[in-house]
Amino acid sequence: MKLAAGFPSPAAVGSPKRAPVKFLDEYRNAGIARRLVAGIEREVRGHWVLMEICGGQTHTIMRYGLDELLPPNIELVHGPGCPVCVTPLETIDKALELAARPEVILVSYGDMLRVPGSAADLFTVKARGGDVRIVYSPAEALKIARQNPERKVVFLAVGFETTAPANAMAVWQARQENIGNFSVLASHVLVPPAIRALMTSPDCRVNGFIAPGHVCAVMGYQEYESLVRDFHIPIVVGGFEPVDLLEAVLMLVRQLEKGEARAENQYVRSVNYRGNLPAQRVVQEVFEIADQKWRGIGTIPASGLRIRDEYGDYDASRLFGLASITVEEPAECISAQVLQGLKKPTDCPAFGMRCTPQNPLGAPMVSSEGACAAYYNYRRHGKELGATK
Amino acid sequence: MCLAIPGKILSQDDLGFARTGRVDFGGIVRQVRLDFVPEAAPGDYVLVHVGFAIGKIDEEEAHRTYEALAELGALQDELPPEEGVN
Amino acid sequence: MDDNTNSLAQLTCPAPHPVKDTILLGHGSGGRLSAELMRSVFLPAFGNPVLDRLDDQAIVKVKDARLAFTTDSFVVKPLFFPGGDIGSLAVHGTVNDLAMGGATPLFLSVAFIIEEGLSIDLLRRVVDSLRAAAKNAGVQIVTGDTKVVEKGCGDQLFINTTGMGLVPDGLELSANRARPGDKVLLSGSIGEHGIAILAQREGLEFECPVQSDSAALHNLVAAMLRANTGNAIRVLRDPTRGGASSTLNEIAEQSRVGIQLQESAIPVREEVRGACEMLGLDPLYVANEGKLIAIVAPQQAEAVLNAMRSDPLGRKAQIIGTVVESPSPIVTIRTELGTSRCVDMLAGDQLPRIC
């Protein structure tokens with residue numbers, strides 16, 4: 001069944017004529033977006049606070065101004081959806097220490113380079129002579145290890161469940177190929193425990209969640225059944241384009257207006273109930289669930305992944321004997337409240353003044369997908385020119 | 001961080017335990033690992049994240065739900081306004 | 001459960017210490033870090049009324065003539081890329097900086113810093129390209145310099161070009177001249193140079209490879225100046241590293257205005273859009289080497305636009321926005337959904353050694 005027939009061309013809604021990028025452009029269709037908003041306006045009665053927990057979704061909301069389109073009684077708040085922002089300070093400090101060692105090549109995804117540790121960031125270490133390299137894929141990290149047998153390659157593997165399979169595969173493949181100079185400094189965070197922690201906070205005001213679509217492409221959405229049951233709260237898996245997110249909001253509103261609390265899936269083209277089993281299997285092979293510290297929040301039990309003992313040879317933390325550092329993080333900003341959706345970035349007195357992407361005070365300002373950074377980059381004018389709503 | 005892009009598989013290779021393929025992202029072709037989508041074949045669309053396909057895109061589902069969306073608009077235009085709607 | 005509650009209620013937060021004592025790659029990106037370096041190191045040392053205008057070129061009066069004078073260094077990697085090379089880039093970059101001052105480019109100097117071990121054949125290729133670009137642009141290379149550094153102390157080849165040209169009487173162009181009501185004109189599609197370089201570096205395979213748009217813009221500018229009644233063209237700038245967003249933010253900053261853009265009006269080639277999508281880049285932040293932005297008084301905007309479209313390098317020119325009053329300098333863009341967002345200046349670097 002070919003799709004071309006069913007999709008209105010962008011030209012039909014006033015955009016310049018261009019060939020649509022399949023599975024992306026259709027979901028940016030302004031006409032459909034407006035109709036979804038109209039649908040939401042017709043059906044919403046109560047005041048609802050909806051949270052998404054994915055930097056990518058925060059980014060789309062800010063970039064397209066979806067929160068401006070929605071009626072005022074729907075409040076979109078942003079959770080701790082940026083794995084870069086929530087990577088524990090200890091992990092960054094370990095990465096910085098390793099990167100400074102002459103025998104180490106520290107390999108990382110680009111967005112980790114600006115994350116400040118206790119005294120520096122990877123960009124600075126690179127400027128001082130550390131061998132820090134950016135990769136787009138863990139497969140490239142393995143390639144660097146093969147090409148540099150005399151050096152020790154450490155891959156800073158950070159991410160949600162979306163990235164864990166690729167990171168696990170790198171470790172598994174390193175074992176298969178007997179690559180002895182490769183190891184991984186891992187920091188993985190899991191979404192359902194974060195939702196559970198957020199919901200048990202006494203200040204939590206969230207009425208419904210948009211679950212991260214790409215995490216669910218890997219994990220499915222069966223894990224959310226216990227959450228909707230325990231907290232009587234609807235959860236809808238959403239995609240990443242404006243039409244996806246607006247449709248997810250409509251689905252949540254419909255449930256909320258009827259007092260329902262179910263796990264539903266908006267992102268049907270990419271997500272199914274059980275998720276991607278081969279991907280889950282490699283994660284289970286290499287990693288096990290462990291308690292995890294979330295920068296700006298604290299430790300959430302069973303919310304992270306650590307490398308199993310059987311793969312201990314590939315765990316950089318163990319290999320390099322890096323002692324468990326506990327770093328004192330002074331409380332100066334309202335990160336925790338922003339991450340829980342209790343406050344907006346613009347509520348923070350430091351926002352845009354003492355705290356900017358160039359001089360971040362808190363985790364959500366650090367990464368370009370953090371809520372504060374997204375607000376700063378896309379929405380400062382609201383503060384200066386007056387809100388557009 | 002959750003950046004995953006849809007692309008179309010053009011060809012595939014089996015390199016022992018690593019299954020790779022050439023995937024077309026709207027005109028740009030890249031090597032992608034297909035280990036997690038054993039059921040996908042050339043011509044299929046996959047969702048790619050950090051160089052790995054993490055799922056096959058269900059074209060039929062996409063078509064069905066998209067048609068429903070397009071109709072949502074059409075239907076709303078036909079309905080008379082509800083009472084009590086502000 | 002209690003632990004959870006406690007940990008969430010705690011205000012824990014990192015207070016990082018940004019290290020500001022070394023130069024980072026981002027300082028060369030044309031974005032905020034570059035601007036900060038200017039403000040904190042160079043302007044305090046050299047500041048004078050001409051330099052303080054921070055235009056692409058300096059316009060100085062010598063006897064009765066107005067001379068435009070500019071310099072640019074080229075450290076692009078790789079040396080050769082689809083659509084150009086460091087040689088042609090070195091000519092186009094400086095010619096364009098002169099052209100943005102309304103000057104007819106006349107003379108260039110060229111200085112080479114060569115790493116020991118570079119193939120002479122490769123150097124010849126660069127020089128040939130440089131010569132051809134200069135000839136096409138109608139400029140003479142009248143002086144130069146050569147230095148060689150030890151292997152490992154300079155990456156293959158760096159080039160500096162300095163240019164001189166004459167500015168017609170009465171022409172006033174500067175980044176501080178934009179006024180509310182003025183129109184923002186863009187000469188063509190954006191992001192090509194950056195994507196061409198990145199594709200080469202990252203081994204991105206394109207069905208139709210993206211070519212750098214590196215080109216000399218002085219003829220385009222000359223065509224526009226013929227429609228420049230009453231100095232209606234307020235500002236001319238070529239958006240290079242840092243992308244169109246940096247240039248527009250600079251203009252907003254210098255003129256103390258706001259700029260509102262229309263997303264649907266900004267031309268972007270399909271392949272560039274696709275590459276940006278894949279890499280998570282925004283075309284507004286990707287480098288160009290053959291485009292210009294003009295701020296034009298509203299009554300002359302159409303005439304200038306038509307003049308641009310009459311030149312081969314301006315065929316796809318569009319009006320992409322308007323200058324507005326604003327309490328503080330800010331660039332915003334209206335999306336296809338009708339909502340608005342900021343277009344901030346690039347913080348660090350998206351793509352190092354882009355030009």
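Residues numbered from 1 in each chain as written. Chains lettered and ligands numbered in written order. Predicted model: local features only at pLDDT ≥ 70, side-chain atom pairs only at ≥ 80, totals over all residues.

Student: Break down the overall build of chain A for me, with residues and values.
Tutor: Secondary structure assignment for chain A yields 17 helices and eleven strands. Intrachain contacts of chain A at a sequence separation of at least 6 include 75% that bridge at least 24 residues. (Helix = DSSP H or I, 4+ residues; strand = E, 2+ residues; numbered from the N terminus. Contact = placed C-beta atoms within 7 Å.)

Student: Tell me about the overall build of chain B, and name the residues and values.
Tutor: The helix and strand tally for chain B stands at one helix and five strands. For chain B, the N- to C-terminal ordering of α and β elements is β-β-β-β-β-α. Counting over 86 residues, chain B shows a buried share of 43%. Counted over contacts in chain B with a minimum sequence separation of 6, partners at least 24 positions apart contribute 25%. (Buried ≥ 20, exposed ≤ 12 C-beta atoms within 10 Å, placed from the backbone.)

Student: Mind laying out the sheet that holds strand β13 (residues 318-324) of chain C, listing which residues take part and the relevant values?
Tutor: Residue and element names in this part refer to chain C. One open sheet accounts for seven strands, arranged β10-β12-β8-β13-β11-β14-β15; its pairing is mixed. Only two strands of the sheet have a single neighbouring strand rather than two, namely β10 (233-237) and β15 (340-342). Taking each pair of neighbouring strands and ignoring which way they run, the sheet shows an average axis angle of 25°. Packing of helix α8 (residues 243-255) onto the sheet brings it into contact with β10, β11 (258-262), β12 (293-296) and β14 (330-334), and relative to β14 it is tilted by some 130°. (Pairing = 2+ DSSP bridges. Axes fitted to C-alpha atoms, helices over the stretch in contact; angles between N-to-C directions.)

Student: Which residues make up the packing of helix α7 (residues 138-147) of chain A against helix α8 (residues 164-176) of chain A, and what values do they have?
Tutor: Residues and elements named next belong to chain A. Running from N to C, α7 and α8 point in directions that differ by 30°, and their axes come no closer than 8 Å. Judged by the inter-axis angle, α7 sits roughly parallel to α8. The handedness of the crossing between α7 and α8 comes out as right-handed. Across the interface between the two elements, Pro-138, Ala-139, Ala-141 and Leu-142 of α7 pack against Ala-166, Asn-167, Met-169, Ala-170, Gln-173 and Ala-174 of α8. (Parallel < 35°, antiparallel > 145°, perpendicular 65-115°, else oblique. Left-handed = near helix turned anticlockwise from the far one by under 90°.)

Student: Report on the interface of chain B and chain A, specifying residues and quantitative values.
Tutor: Listed as interface residues are 37 residues of chain B and, on the opposing side, 49 residues of chain A. Broken down by secondary-structure element, the contributors of at least two residues to the side of chain B that touches chain A are β1 (4-15), β4 (45-49), β5 (52-56) and α1 (59-78) of chain B. The residue makeup of the side of chain B that touches chain A, split by class, is 21 nonpolar, eight polar and eight charged. (Nonpolar A, V, L, I, M, F, W, Y, C, P; charged D, E, K, R; others polar.)

Student: Lay out the confidence of the model for chain A with the relevant residues and their values.
Tutor: Residues and elements named next belong to chain A. Summary statistics for chain A give a mean pLDDT of 85 and a share of 86% for residues scoring 70 or more. Note that residues 1-19 has pLDDT below 50 and, in this model, 30 contacts with residues that lie over four places away or in other chains. A low-confidence stretch, residues 384-389 stays under pLDDT 50, and its non-local contacts, those more than four residues away or across chains, total ten contacts. (pLDDT = per-residue confidence, 0-100.)

Student: Before we move on, could you go through the domain arrangement of chain A and cite the residues and values that matter?
Tutor: For chain A, the assigned domains are domain 1 (23-335) and domain 2 (336-379). Once you take the C-alpha centre of each, domain 1 of chain A and domain 2 of chain A turn out to be 18 Å apart. (Domains from an automatic or database assignment.)

Student: So what's going on with the sheet that holds strand β6 (residues 182-189) of chain A? Which residues, and what values?
Tutor: Residue and element names in this part refer to chain A. Strand order in this open sheet of six strands is β4-β3-β5-β6-β11-β10, and the pairing throughout is mixed. The open sheet is flanked by β4 (132-134) and β10 (287-294), the only strands paired with a single partner. Taken pair by pair, the neighbouring strands of this sheet meet at an average axis angle of 25°, ignoring direction. Relative to β6, strand β5 (residues 152-159) runs parallel, the two being bridged by seven bridges. In the sheet register, Val-158 faces β6, and the bridge partner there is Ser-187. With respect to the sheet, α8 is in contact with β5, β6, β10 and β11 (298-307), its orientation differing from that of β6 by roughly 155°.

Student: How would you summarise the confidence of the model for chain B if you had to cite specific residues and measurements?
Tutor: All names here are of chain B. Taken residue by residue, chain B gives an average pLDDT of 80. The fraction at 70 or more is 78%. Taken element by element, chain B is modelled with least confidence in α1, mean pLDDT 72, and with most confidence in β5, mean pLDDT 96. Here the prediction assigns the complex a pTM of 0.85, and the interface score ipTM is 0.85.

Student: Can you break down the nonpolar core residue by residue, with the values?
Tutor: Generally speaking, soluble globular proteins have nonpolar side chains that are buried together. Of all hydrophobic cores here, the largest spans 246 residues; its most connected members are Val249(A), Ala53(B), Leu185(C), Ala294(C) and Val304(C). The dominant element in this core, judged by the number of residues it contributes, is helix α12 (residues 242-257) of chain A, at ten residues. Every residue in contact with Ala294(C), bar those within four places of it in the chain, is listed here: Leu185(C), Met224(C), Ile233(C), Val235(C), Leu236(C) and Val304(C). (Core = buried A, V, L, I, M, F, W, Y, C linked by C-beta atoms within 7 Å.)

Student: Which residues make up the pairing of β5(B), and what values do they have?
Tutor: Residues and elements named next belong to chain B. For β5, the buried fraction is high: five of the five residues fall into the buried class. Relative to β5, β4 is paired through four bridges, and the arrangement is antiparallel. For Val-46, the partnering residue across the bridge sits in β5 and is Lys-56. Count of turn residues in the β4/β5 antiparallel hairpin: two residues, of which Val-50 carries a positive phi of about 40°.

Student: So what's going on with unusual backbone geometry? Which residues, and what values?
Tutor: Of note, the bond from Lys77(C) into Pro78(C) is cis; its omega dihedral lies within 30 degrees of zero at 10°. Relative to the elements of secondary structure, Pro78(C) occurs in the loop between β2 (65-74) and β3 (80-81). The backbone phi angle of Ala302(A) is positive, close to 50°, even though this residue is not glycine. Despite not being glycine, Gln156(C) shows a phi value in the positive range, around 65°. Turning to its location among the elements, Gln156(C) is positioned in the loop between β6 (140-149) and β7 (157-167).

Student: An account of the pairing of strand β2 (residues 74-78) of chain A is requested, with residue identities and associated values reported.
Tutor: Residue and element names in this part refer to chain A. The buried fraction of β2 amounts to four of the five residues, a majority that puts the element mostly inside the structure. Of the pairings in the sheet, the one linking strand β1 (residues 48-52) to β2 comprises five bridges and is parallel in character. Across the sheet, residue Val-49 finds its bridge partner in β2, namely Glu-75.

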